Amino acid sequence: MMPPPRTVRIAKDGRSASRDSNRQSTTNHGSSQWLRVVGARQNNLKNVTVEIPLQRFVCVTGVSGSGKSSLVNDILREALARDLNGSQNAEAGDYDRIEGREHLDKVIDIDQSPIGRTPRSNPATYIKVFDEIRDLYARLPDSKVRGYKPGRFSFNVTTGRNGGGRCEACEGNGANKMDMELLADLWVTCPVCAGRRFSRETLQILYKGKSIADVLEMDVQQALTHFENIPAIAGMLRTLHDVGLDYIKLGQSSTTLSGGEAQRIKLARELVKRSTGRTLYLLDEPTTGLHFADIKKLLAVLHGFVDSANSVLVIEHNLDVLKTADWIIDLGPEGGAEGGRVVAEGTPEEVAQCGQSHTGKALRELFAESARRGRNSRSQRFGISNLKSQIGGGVAKRSAAMQSTIGNRQSAIGNAVVSVVGARQHNLKNINIEFPHGQTTVCCGPSGSGKSSFAIDTVYTEGQRRYVESLSSYARQFLGRLQPPKVDHVYGLSPAICIEQKNTSKSPRSTVGTVTEIYDYMRILWARVGVPHCPKCKTPIGTQTSDQIVERLLALGDGARVLLLAPVSPASNESYVQLLQRERANGYSRVRIDGVLHSLDGELPIDAKRRHAVELVIDRVIVRSAARSRIADSVEQALVVGAGNMIAQPVIDDLGGRSKGAADLRFSQHRSCTRCRQSFEELTPHHFSFNTRMGWCEQCEGLGVQRGANPSAIVARPTRSIVDGAITGWGVVEPGSLLFRLASSLAAHLGFDVRSPWDRLTPTQQLAFLQGCGEDWIEVSMDDVASPLVGGAWGSSDSGRQAPGASPDATLRAPHGLRVQWNGFFPSIHRATLASAAYRDRLAEFVSDVPCQACSGSRLRLDSAAVRLTGRTLHEICLEPLGRALEWFRQIDLDRRERKIAGELLHEITSRLRFLVEVGLDYLTLHRTASTLSGGEAQRIQLASQIGTGLTGVLYVLDEPTIGLHPRDNARLITALNRLKSLGNTLLLVEH
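What counts, and at which threshold
The residue numbers shown here count from 1 along each chain, following its written sequence. For a predicted model such as this one, the threshold for reporting local features is a pLDDT of at least 70, and the threshold for listing and counting side-chain atom pairs is 80 or more; totals across whole chains, interfaces and linings nevertheless cover every residue. Where side-chain values are given, they derive from all heavy atoms of the structure, hydrogens and water being excluded. The helix count covers DSSP runs of H or I at least four residues long, the strand count covers runs of E at least two residues long, and both are numbered beginning at the N terminus. Note on contacts: a residue pair qualifies if any of its non-hydrogen atoms lie within 4.5 Å across the two residues. In these tables, accessible area is a Shrake-Rupley quantity obtained with a 1.4 Å probe, and a residue counts as shielded only by the protein chains included in the view. Only strands joined by at least two bridges in the DSSP assignment are considered to pair. Only C-alpha atoms enter the line fits that serve as axes; for helices the fit covers just the stretch in contact. Angles between N-to-C directions range over 0 to 180 degrees. When a carboxyl oxygen of Asp or Glu is within 4 Å of a side-chain nitrogen of Lys or Arg, the pair counts as a salt bridge. Note on classification: 1.4 Å probe, protein chains only; a residue is buried when its accessible area is under 20% of the maximum for its type, exposed when over 50%, partly exposed between these limits. By construction, the arc corresponds to the directions joining the helix axis to the C-beta atoms. Two aromatic rings from Phe, Tyr or Trp, using only the six-membered ring of Trp, form a pair when their centres are within 6.5 Å; if the ring planes differ by under 30 degrees the pair is stacked, by over 60 it is edge-to-face, and anything between is tilted. We count a charge as sitting over a ring when the NZ of a lysine or the CZ of an arginine lies within 6 Å of the ring centre and within 35 degrees of the ring normal. A helix's residues, less one, multiplied by 1.5 Å, set its expected span. Working definition: a disulfide is two cysteine sulfur atoms within 2.5 Å of each other. By definition, pLDDT measures how confident the predictor is in each residue, and it falls between 0 and 100. Angle categories are assigned with fixed cut-offs, so that under 35 degrees is roughly parallel, over 145 is roughly antiparallel, 65 to 115 is roughly perpendicular, and the rest are oblique. Crossing handedness: left-handed means the near helix sits turned counterclockwise from the far one by under a right angle, and right-handed means the same turn made clockwise. Any residue that is not Ala, Val, Leu, Ile, Met, Phe, Trp, Tyr, Cys, Pro, Asp, Glu, Lys or Arg is counted as polar, Gly included; the first ten are nonpolar and the last four charged. Like-charged residues are merged into a patch within 9 Å and nonpolar side chains (Val, Leu, Ile, Met, Phe, Trp, Tyr) within 5 Å, provided each residue has over 30% relative accessible area and no salt bridge.

## A look at the overall build of the protein chain
Part 1: Scanning the protein chain from terminus to terminus reveals 32 helices and 33 strands.
Part 2: Put simply, of all contacts in the protein chain between residues at least 6 apart along the chain, 68% involve residues at least 24 apart.
Part 3: Carbon and sulfur atoms provide 49% of the accessible area of the protein chain, an area that totals close to 46800 Å².

## Comments concerning the sheet that holds strand β13 (residues 431-436)
Part 1: Pairing is antiparallel across the open sheet formed by three strands, whose spatial order is β13-β12-β15. Two strands lie at the open edges of the sheet, namely β13 and β15 (489-491), each paired on one side alone. Across the sheet, the mean angle from the axis of one strand to that of its neighbour is 10 degrees, orientation sign disregarded.
Part 2: Both strand β12 (residues 417-423) and β13 contribute to a ladder of five bridges, which runs antiparallel. The partner of S419 across the bridge, within β13, is E434.

## Quick notes on the pattern of salt bridges
Part 1: The tally for this structure, following the rule as stated, stands at 36 salt bridges.
Part 2: As a salt-bridge pair, R82 and D83 come within 3.0 Å of each other at their nearest N and O atoms.
Part 3: Assessed through its relative accessible area of 36%, D83 is described here as partly exposed.
Part 4: Of the charged contacts in the structure, one is a salt bridge between D111 and K266, with a shortest N-O distance of 2.5 Å. Note that D111 is positioned in the loop between β5 (106-109) and α2 (123-126) and K266 in helix α9 (residues 259-272), a separation of 155 residues in sequence.
Part 5: Judged by its relative accessible area of 10%, K266 falls in the buried class.
Part 6: Salt bridges here are not isolated pairs; linked through shared partners, they connect R36, E51, R97 and E99.

## Some thoughts on helix α19 (residues 546-554)
Part 1: Taken residue by residue, α19 has S546, D547, I549, V550 and L553 as its buried positions. The buried residues of α19 occupy one face: seen down the axis, they fall within an arc of 160 degrees.

## Here we look at the environment of E876
Part 1: If you trace the backbone, E876 turns up in helix α28 (residues 874-878).
Part 2: Judged by relative accessible area, which is 31%, E876 ranks as partly exposed.

## Thoughts on the packing of aromatic side chains
Two descriptors summarise a pair of aromatic rings, namely the distance from one centre to the other and the angle between the planes of the rings.
Part 1: Considering all chains together, one arrives at 16 aromatic pairs under this definition.
Part 2: On the basis of an interplanar angle of 5 degrees and a centroid distance of 5.8 Å, the ring pair of Y207 and F227 is categorised as stacked. Here the residue Y207 occupies a position in the loop between α5 (200-203) and α6 (212-216), and F227 occupies one in the loop between α7 (220-226) and α8 (231-242), the gap between them amounting to 20 residues.
Part 3: For F227, a relative accessible area of 0% puts it in the buried group.
Part 4: Ring geometry for W758 versus F769: centroids 5.7 Å apart, planes at 65 degrees, classification edge-to-face. Of this pair, W758 sits in the loop between α23 (738-750) and α24 (763-771) while F769 sits in helix α24, placing them 11 residues apart in sequence.
Part 5: A connected cluster of aromatic rings, assembled from ring pairs, spans Y137, Y148, F153, Y207 and F227.
Part 6: Note that R152 overlies the ring of Y148, its terminal NZ or CZ placed 4.3 Å from the centroid.
Part 7: Against the face of F690 rests R859, its NZ or CZ located 5.0 Å from the ring centre.

## As for helix α18 (residues 518-529)
Part 1: With 12 residues, α18 ought to run about 16 Å at 1.5 Å a step, and its terminal C-alpha atoms sit 16 Å apart, in line with that.
Part 2: Among the 12 residues in α18, 12 count as buried, and that is most of the element.
Part 3: All of the buried residues in α18 are I518, Y519, D520, Y521, M522, R523, I524, L525, W526, A527, R528 and V529.

## Notes on the state of the cysteines
Part 1: Across all of its chains, the model carries zero disulfides by this definition.
Part 2: For the unlinked cysteine C193, the closest cysteine sulfur is that of C170, found at 3.7 Å.
Part 3: On the basis of relative accessibility, which here comes to 7%, the residue C193 falls in the buried class.

## A few points about the sheet that holds strand β1 (residues 34-40)
Think of a sheet as strands paired side by side through backbone hydrogen bonds, with each pair either parallel or antiparallel.
Part 1: Sheet architecture is open: three strands sit in the order β2-β1-β4, paired in antiparallel fashion. A single partner strand is all that each edge strand has here, and the edge strands are β2 (48-53) and β4 (97-99). Between one strand axis and the next, the sheet turns by 15 degrees as a mean value, whatever way the strands run.
Part 2: Here β1 pairs with β4 via three bridges, running antiparallel. Bridge pairing links R36 to E99 in β4.
Part 3: In the packing of helix α1 (residues 68-83) onto the sheet, the strands contacted are β1, β2 and β4, and the crossing angle to β1 comes to about 115 degrees.

## A short note on the pairing of strand β3 (residues 57-61)
Part 1: Most of β3 is tucked away: five of the five residues are buried.
Part 2: Residues F57, C59 and T61 line one face of β3 and the alternating positions V58 and V60 line the opposite face, and both faces are buried.
Part 3: Two elements, β3 and strand β9 (residues 311-315), share four bridges in a ladder whose sense is parallel. Opposite V60, over in β9, you have I315 as the bridge partner.
Part 4: Pairing between β3 and strand β10 (residues 327-332): four bridges, direction parallel. Bridging from a neighbouring strand, C59 pairs with I328 of β10.

## Points about unusual backbone geometry
Part 1: P333 follows G332 through a cis peptide bond whose omega is 5 degrees.
Part 2: The phi torsion at A194 lies on the positive side, around 55 degrees, for a residue other than glycine.
Part 3: With respect to the helices and strands, A194 occurs in the loop between β7 (186-189) and α5.
Part 4: Here A194 falls in the exposed class, since its relative accessible area comes to 55%.
Part 5: For T870, which is not a glycine, the phi torsion comes out positive at approximately 50 degrees.
Part 6: With respect to the helices, strands and loops of the structure, T870 is situated in the loop between β30 (868-869) and β31 (872-873).

## Structural notes on the confidence of the model for the protein chain
Part 1: Of all residues in the protein chain, 83% have pLDDT values of 70 or greater, and the mean over the chain is 79.
Part 2: In this model residues 5-31 is a low-confidence stretch, pLDDT under 50, and it forms 67 contacts with partners more than four residues away in sequence or in other chains.
Part 3: In this model residues 654-661 is a low-confidence stretch, pLDDT under 50, and it forms 18 contacts with partners more than four residues away in sequence or in other chains.

## Let's talk about the packing of α8 against α9
Part 1: Contact geometry for α8 and α9: axes closest at 9 Å, N-to-C directions at 140 degrees. Judged on the interaxial angle alone, α9 and α8 are oblique. Here α8 and α9 pass one another in a crossing that is right-handed. Across the interface between the two elements, M236, T239 and L240 of α8 pack against I265, A268, L271 and V272 of α9.

## Notes on the packing of α9 against helix α10 (residues 292-307)
Part 1: Taken N-terminus to C-terminus, the directions of α9 and α10 make an angle of 25 degrees; their axes are 11 Å apart at the nearest point. Judged by the inter-axis angle, α9 sits roughly parallel to α10. Crossing angle aside, the handedness with which α9 passes α10 is left-handed. Contact residues: α9 offers Q263, R264, L267, E270 and L271, while α10 offers D294, K297, L298, V301, L302 and F305.
Part 2: Considering only residue class, the contact of α9 with α10 consists of six nonpolar, one polar and four charged.

## Some points on a nonpolar patch on the surface
Part 1: There is a patch of nonpolar side chains on the surface, built from Y467, Y474, F478 and L479 and spanning about 520 Å² of accessible area.
Part 2: With three residues, helix α16 (residues 473-479) is the largest single contributor of residues to the nonpolar patch.
Part 3: By the secondary structure assignment, Y474 is in helix α16.

Written as structure tokens, this is what we have:
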């Protein structure tokens with residue numbers, strides 16, 4: 001059979017052009033250019049044979065479940081993708097054979113799925129026009145002078161050896177993704193490139209006054225004008241214009257595109273390609289979610305494919321599409337078992353004559369309506385628009401009626417009550433009670449009158465039981481079954497939450513901050529806005545991009561002379577001499593070794609047995625704004641040679657001597673401390689949680705305390721000196737004794753007078769005395785004397801004898817010239833209590849829960865605990881009373897970028913803190929362990945967490961919330977309860 005002749009076009013006003021009078025029935029055509037599916041049996045297809053004319057616009061129609069997707073998607077698409085496209089994963093449905101595949105060379109499936117799932121993907125990269133734009137910029141004279149390749153203008157190519165010019169601070173995204181954990185992820189504009197994606201040097205290359213970043217900000221119409229003299233680019237941009245996407249920007253993130261826009265971009269990508277005339281395009285309901293105006297543009301593109309001798313096969317229900325089709329294949333007549341047959345096939349007019357076809361009936365009504373209104377009427381542009389306008393009044397009336405019904409229903413709900421019938425729990429005498437929704441109801445009466453039996457044991461328990469019963473059997477096995485209360489019926493019961501004065505938290509890690517969820521928001525805040533510091537030297541750490549380094553160097557001022565150095569180290573099995581020979585062969589002439597500059601051509605002070613600090617001199621620059629490009633190139637080279645690290649040394653003469661008071665400026669693209677060279681991993685909110693192994697201190701495992709010596713038990717009299725009775729067990733130490741000489745030598749080593757009162761010593765001196773001096777040796781000059789050594793503070797000596805450990809009455813005969821290591825009281829007592837039960841009993845009074853020595857009670861790992869937000873650590877704020885903590889969060893000074901990140905976090909934190917202060921808990925701290933709270937404190941804290949959740953339509957049951965409250969604070973509590981009620985909740989209180 002010959003395929004039906006092309007008979008339809010889309011006119012400029014959107015109407016179907018007149019069809020060719022020669023359109024004939026399928027029975028009158030020849031036998032070429034047809035695709036024939038024989039024996040289709042997938043799903044509910046009834047062993048049907050379907051003939052599809054090629055080089056035509058063909059629609060497959062039918063009611064839902066008639067077998068359209070089974071035929072087109074499961075059989076045709078999968079089989080042709082396997083046979084024509086070479087797909088290895090295609091799995092075709094059940095059929096006998098497909099005839100006519102020799103007329104096709106490939107199959108293209110165009111759907112509404114996103115063109116990309118990251119902000120990096122955009123229309124320009126998807127249709128490949130950005131490749132042409134990058135090539136254009138690489139051919140510009142300035143690019144050739146600098147040696148820039150097309151990769152320099154790609155935000156997907158990394159800098160350094162790969163030659164990319166993107167901003168490394170955001171990795172070319174233009175924004176940084178912040179994982180807000182409890183909140184939605186937040187994309188924040190990059191502070192380095194200000195959202196422009198590229199480095200400053202890359203942005204200096206201009207075409208017609210526009211940088212590569214400016215091009216990405218152009219919409220399609222602006223870009224067409226800008227590149228009108230570049231045929232390759234203009235032609236590709238015109239395809240976006242042809243599909244009606246003039247308004248989108250070339251660099252618009254694919255995640256912001258609708259399904260219809262993504263579909264038309266895919267069509268534009270196909271328009272860019274050279275047509276082979278043998279392509280089959282498959283679309284599954286392409287008009288889903290499209291406006292009528294967008295349908296017109298879609299049809300124009302699809303018919304353009306057919307005009308190029310390609311074939312288009314569409315699954316569709318939209319009558320606007322069906323009436324413009326060359327051929328319709330209608331499946332059915334019903335769905336499911338009653339479908340799977342070919343009901344009608346042919347032109348739209350021929351299908352409209354089929355009485356058994358539901359599609360034919362709709363087409364008949366459409367054509368009849370068009371004939372009545374005339375072919376030149378505005379309404380013919382889209383046939384179903386008339387139908388919409390006709391039913392519009394009815395829709396409006398039904399909508400008004402629905403709003404009235406909803407209003408009446410909401411009014412009824414507002415006046416609804418909770419009705420309890422036949423309550424017999426405990427001492428309740430088969431009572432019937434009603435209380436209103438959305439109000440506060442108080443149960444009062446003498447003790448034992450049945451208040452809690454009604455509110456908690458009946459109403460709340462029934463609400464919880466209903467919730468548990470609504471869950472799956474799998475979930476119920478973990479929650480257990482609740483015993484039903486003794487009650488006949490409870491009507492109008494909403495989800496119930498009980499806030500009692502029982503302290504439900506049994507975890508030693510649970511704190512006020514975690515119970516109220518304030519700490520959860522704080523750890524996100526510190527992770528996303530805080531500045532990491534080195535735990536040892538308290539130096540801020542972080543990563544610097546090449547742009548940030550250049551800005552730092554320019555800040556030295558015009559005329560400043562700087563040496564740019566790259567630290568290098570020998571490779572495995574390579575000596576320093578071989579390293580320097582290799583670098584000399586690479587073209588470097590000067591090197592700095594251990595802080596001194598040398599020429600690589602001269603004799604170098606290398607000691608093979610020592611480690612040396614070797615830094616190659618990359619460049620010598622004079623800081624000027626005009627020399628920014630040279631400085632940037634040298635910085636990039638230094639970072640490449642130094643594996644992400646570089647040093648800038650200010651100089652005052654040609655010999656490279658340092659200026660007075662100047663110090664090396666160290667820069668790193670890694671998270672490392674520039675002083676102690678320690679590297680750190682990137683911190684996430686999980687690293688600030690002391691409930692997980694990722695964030696807790698390894699010593700105390702997030703408890704903040706450990707069993708150890710109590711300072712107050714060891715230092716009994718802090719107003720005295722260590723030899724005048726301050727230390728328990730030492731008493732007044734006799735001058736000239738071994739203990740006195742040891743104490744004197746230790747005091748001299750730590751820098752204080754042995755006669756100074758304990759409370760006059762610095763915290764560092766006190767800590768070293770109690771916890772030890774590490775591996776430092778202390779010289780004790782003495783005669784051969786004997787003295788009791790109390791407290792087990794001795795360590796080891798170099799005299800060959802071991803001190804007697806923790807025995808409080810041990811005696812040591814020490815020779816002349818004794819050298820000792822002071823281990824301190826805390827470690828010695830701890831080891832003694834672990835060594836034997838006898839020592840545990842004797843030293844019990846000295847041992848208690850003390851702050852963890854490793855984390856100082858912060859509960860966190862060291863690098864997390866060192867992060868600071870406006871100069872304060874997370875632990876410092878947790879130790880503040882809630883009132884002062886609230887004031888600090890209100891006055892926190894953040895820049896614009898930080899404020900955007902912290903906005904919602906600060907709102908959640910301050911709102912919960914404000915409530916805790918309002919109910920009289922301003923004296924608590926967020927670090928306070930939950931197990932130490934009283935019943936009234938615990939109840940008000942639970943109330944704060946519930947208000948923070950923002951739940952509505954919930955029944956809250958409170959058991960005497962005023963217990964433990966001063967009369968002054970009752971008004972605060974009532975205000976908080978009214979706020980909870982104003983959210984749309986119901987309150988049932990047991991109260992006196």
